[in-house]
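Residue-level listing of the chains:
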Amino acid sequence: MTLNGKHALITGGGSGIGLAIARALAGVGAEVTITGRRESVLQNVAGNGLYPLAMDVSDEAQVVSGVARAVAERGPVQICIPNAGIAEGRAVHKTDAAFWRKVMGTNLDGAFYTVRECLGGMRGTDWGRVIAISSIAGLKGLKGAAAYSASKHGMIGLIRALSEDYLGTPFTFNAICPGYVDTEIVSRNVTAISERAGVSEDEARAMMVSANRHNRLIAPDEVAQAVLWLCGPGSQSINGQAIEIAGGQF
Ligand code: NDP
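Criteria and thresholds
- Residues numbered from 1 in each chain as written.
- Predicted model: local features only at pLDDT ≥ 70, side-chain atom pairs only at ≥ 80, totals over all residues.
- UniProt positions renumbered as here; feature names shortened; annotations may be inferred.
- Helix = DSSP H or I, 4+ residues; strand = E, 2+ residues; numbered from the N terminus.
- Buried ≥ 20, exposed ≤ 12 C-beta atoms within 10 Å, placed from the backbone.
- Contact = placed C-beta atoms within 7 Å.
- Arc of directions from axis to C-beta.
- Core = buried A, V, L, I, M, F, W, Y, C linked by C-beta atoms within 7 Å.

In the annotation of an unreviewed UniProt entry, the protein is listed under the name Putative ketoacyl reductase and assigned to Roseovarius gaetbuli. One UniProt comment on the protein, placed under Sequence similarities (unreviewed entry), says "Belongs to the short-chain dehydrogenases/reductases (SDR) family."

As structure tokens, this is what we get:
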């Protein structure tokens, strides 16, 4: 399989799942724009087909100008991966409007701005893929994380609507819904979950590991391999789907 010269854009591409996807796509020839807020993180991993672009996805103007810059440098985005996200959890009765807006603004508004801006150029090409990184929290409610769950459900709704809007075109729209993946988000959540559940950090980590029926965290590259498959020749008929990668957790 080759994606030679195809321009991919991955939000949150400087770390974790996004970086694994970026490297996998660059490995088969794609030119990959990786975005995030922290320029130093992006610069550290740039090179070998990865091009850094600092932007905050929750800020519409930054996404509009950032995607335009990437398109001017590398052509229309044909693989768009809205992946940037924050995974902070609070029960509804502890969720104020500012917290709700922060999570929705990054996870859902950010995905919407990114996809809309990338679609502009993609529509002028003869092939395109939009693959949103949602979560199993987009398929079922995640206890103590209402805003996160709502934002991840929303990403799947966006993908399903797009697949209807563009039926019969060479563009497909899918979401990937991982369970617990071994990234910084999980490390940060160990502390949060241990505080919420009143257990030790070791017990909190064990809870995440045992949620996966294979009794392990998922590797970021397992998500990247699914993205590669969705960009490959065998997946043309996969459209409007929410694909779970969670070791049977849900
Ligand atoms: P990371 O924390 O490594 O990745 C999150 C990325 O999003 C970072 O690169 C971060 O970069 C970027 N980001 C966060 N906020 C913004 C913003 N406002 N604007 C631009 N970029 C932003 O964790 P993961 O790789 O695990 O997470 C990637 C995605 O996968 C998230 O959407 C997460 O919800 C989802 N996911 C993760 C799971 C897991 O268990 N790890 C499970 C299911 C889904 P920077 O801080 O520099 O902006």
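On we go.
Below, the discussion takes up the environment of S15. Structurally, S15 can be placed in the loop between β1 (7–11) and α1 (16–27). A count of 21 C-beta atoms within 10 Å places S15 in the buried class. Once the C-alpha coordinates of S15 and V41 are considered, the two residues, 26 residues apart in sequence, prove to be 7.7 Å apart. Apart from residues no more than four positions distant in its own chain, S15 is found in contact with V41 and E184.

The subject of this paragraph is helix α8 (residues 220–230). Along α8, the residues classified as buried are P220, V223, A224, A226, V227 and L230. Buried residues of α8, viewed axially, fall in a sector of 155°; they line one side. Of the surrounding secondary structure, the elements contacted by the buried residues of α8 are α1, β4 (77–81), β5 (128–133), β6 (171–178) and β7 (242–245).

Grouped together as the largest cluster of nonpolar side chains are 69 residues, with contacts concentrated most on I21, I81 and V227. When neighbours within four sequence positions are excluded, V227 is seen to be in contact with I21, A24, I81, I131 and I176.

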